[in-house]
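# Survey of secondary and tertiary structure
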Amino acid sequence: WDDHDYGPNNSSRSFPLKDVSLEAFKAHSGNKTYGEADNPGVYGTLQFQDAFFIMLDNRYYRDDANLPEQFHPDKTEYGARQKIWLRDTLAHLKESNNMRFLHFRFICTGSQFLPQPDYPGNEDADRYEHERQEIIDMVREMDLPGVIFLTGDVHYSVLRRAGGLLDYPLYELTSSSMTAGPNTFKLKPDPTRVEGTVFQDNNYCKVAISGPVNDRIATISCFNRDNKLQWTRVIRASELAIPEVPAK
């Protein structure tokens, strides 16, 4: 979920009816699990064939985005317990069978993750820089291939690709929104934006996994409100591989 699935605009852990929102979400969504027994929320995992999904809860334990990070270096979107859970989940993906059979690992969170030009009022991970780096470091330390972020919130869709964060390009698909008013403002230049993938009207995106076992691909497609295809891009699992270290 993101803010309007959870509560008022830009809402955080201080929202007094967050437990009611959680019960409503449980009643209407199809998650297999919701948080942990002693740490409620909507985070959990699911696997479909060789694609693994980690769904994070960036609202229930979220510090307000307006807290100055220079005075609050432990500022968080996810809370300490959920980050321990994420760390252990990523470590489990390092297990030999998971490394062998899983080709794509999607990390899903409500707000945009990759660094980007400043947009006043945004709630992206630029407002939580220490924590973003902590999560990137978790992925890097585990040497996990095939990681792609799936995000939302900003009322337009775009595919972004950033180098220098992992040992391979880090992609982020932002897909929003299906029904809310679209963001039609002129966007600032962004070197990570994949050309031709911005769509600023109501839309939805699909990710289809296909191909032989030694050349799996993720085909990302964006459709408008009339189900008409707007753009398609292909990400090969081989592009998201950990580079081999030459033998000495």
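Scroll up for the structure.
Residues numbered from 1 in each chain as written. Predicted model: local features only at pLDDT ≥ 70, side-chain atom pairs only at ≥ 80, totals over all residues. Heavy atoms only, no water.

A separate point is the state of the cysteines. Applying the stated criterion across every chain, the model contains 0 disulfides. Cys108 takes part in no disulfide bond, and the closest cysteine sulfur, belonging to Cys205, lies 13 Å away. As a non-bridged cysteine, Cys205 has Cys222 as the owner of its nearest cysteine sulfur, 4.0 Å distant. (Disulfide = S-S within 2.5 Å.)

Counting residues in each nonpolar core, the largest one holds 47 residues, and the members touching the most others are Ile54, Leu86, Leu90, Val139, Val147 and Ile148. With residues up to four places along the chain from it excluded, the contact list for Ile54 reads Gly44, Thr45, Trp85, Leu86, Thr89, Leu90, Leu93, Phe106, Ile107 and Cys108. With 8 residues, the next largest nonpolar core counts Trp1, Phe15, Tyr34 and Tyr60 among its residues. (Core = buried A, V, L, I, M, F, W, Y, C linked by side-chain atoms within 4.5 Å. Buried < 20%, exposed > 50% of the residue type's maximum accessible area, 1.4 Å probe, protein only. Contact = heavy atoms within 4.5 Å.)

For the rest of this paragraph, the subject is the side chain of Asn31. Looking at the element boundaries, Asn31 is found in the loop between helix H2 (18-28) and strand E1 (44-48). Apart from residues lying up to four places away in sequence, Asn31 is in contact with Phe25 and Val42. (Helix = DSSP H or I, 4+ residues; strand = E, 2+ residues; numbered from the N terminus.)

Tallying each qualifying case throughout the model produces 10 aromatic pairs. With a centroid separation of 5.3 Å and an interplanar angle of 15°, the aromatic rings of Tyr204 and Phe223 are classed as stacked. You can see Tyr204 sitting in strand E7 (residues 203-210) and its partner Phe223 sitting in strand E8 (residues 217-224), a full 19 residues away along the chain. Its relative accessible area of 14% is what places Phe223 among the buried residues. Members of the aromatic cluster, connected to one another through ring pairs, are Trp1, Tyr6, Phe15, Phe25, Tyr60 and Tyr61. Lying over the aromatic face of Tyr60, Lys18 brings its terminal NZ or CZ to 4.5 Å of the ring centre. One residue, Lys75, lies across the ring of Tyr128, its end atom 4.7 Å from the ring centre. (Phe/Tyr/Trp six-rings, centres within 6.5 Å; stacked < 30°, edge-to-face > 60°. Lys NZ or Arg CZ within 6 Å of the ring centre and 35° of its normal.)

Further remarks concern the sheet that holds E7. Strand order in the open sheet made by the 3 strands is E7-E8-E9, with antiparallel pairing throughout. Only two strands of the sheet have a single partner each, and these edge strands are E7 and strand E9 (229-236). Taking each pair of neighbouring strands and ignoring which way they run, the sheet shows an average axis angle of 15°. Across 8 bridges, E7 lies against E8 in antiparallel orientation. (Pairing = 2+ DSSP bridges. Axes fitted to C-alpha atoms, helices over the stretch in contact; angles between N-to-C directions.)

Pairing in this open sheet of 6 strands is mixed, and the strands run E1-E2-E3-E4-E6-E5 from one edge to the other. Looking at which strands have only one partner, the edges of the open sheet turn out to be E1 and strand E5 (158-162). The mean angle between the axes of side-by-side strands here comes to 20°, regardless of whether they run parallel or antiparallel. Bridging between strand E4 (residues 147-151) and strand E6 (residues 170-174) involves 4 bridges; their strand directions are parallel. Residue Thr151 lies in a different strand from E6, and its bridge partner there is Thr174.

This next bit is on helix H5 (residues 129-141). In this model H5 runs 18 Å from its N-terminal to its C-terminal C-alpha over 13 residues, within 8% of the 18 Å that 1.5 Å per residue would give. Looking at H5, one finds that the buried residues are Glu131, Arg132, Ile135, Ile136, Met138 and Val139. All buried residues of H5 fall inside an arc of 150° around its axis, so they share one side. Elements in contact with the buried residues of H5: helix H3 (80-92), strand E3 (104-108) and E4. (Expected span 1.5 Å × (residues − 1). Arc of directions from axis to C-beta.)

Helix packing for two helices is described by the angle between their axes and how far apart those axes are. At a minimum axis distance of 10 Å, the contact between H3 and H5 shows a crossing angle of 20°. As judged from the angle between their axes, H3 and H5 are roughly parallel. Between H3 and H5 lies a crossing whose hand is right-handed. Contacts between H3 and H5 pair Lys83, Leu86, Arg87 and Leu90 from the former with Glu131, Glu134, Ile135, Met138 and Val139 from the latter. Of the residues that constitute the contact of H3 with H5, the class distribution is 5 nonpolar, no polar and 4 charged. (Parallel < 35°, antiparallel > 145°, perpendicular 65-115°, else oblique. Left-handed = near helix turned anticlockwise from the far one by under 90°. Nonpolar A, V, L, I, M, F, W, Y, C, P; charged D, E, K, R; others polar.)

Read these as layout, nothing more, since geometry by itself doesn't imply function.
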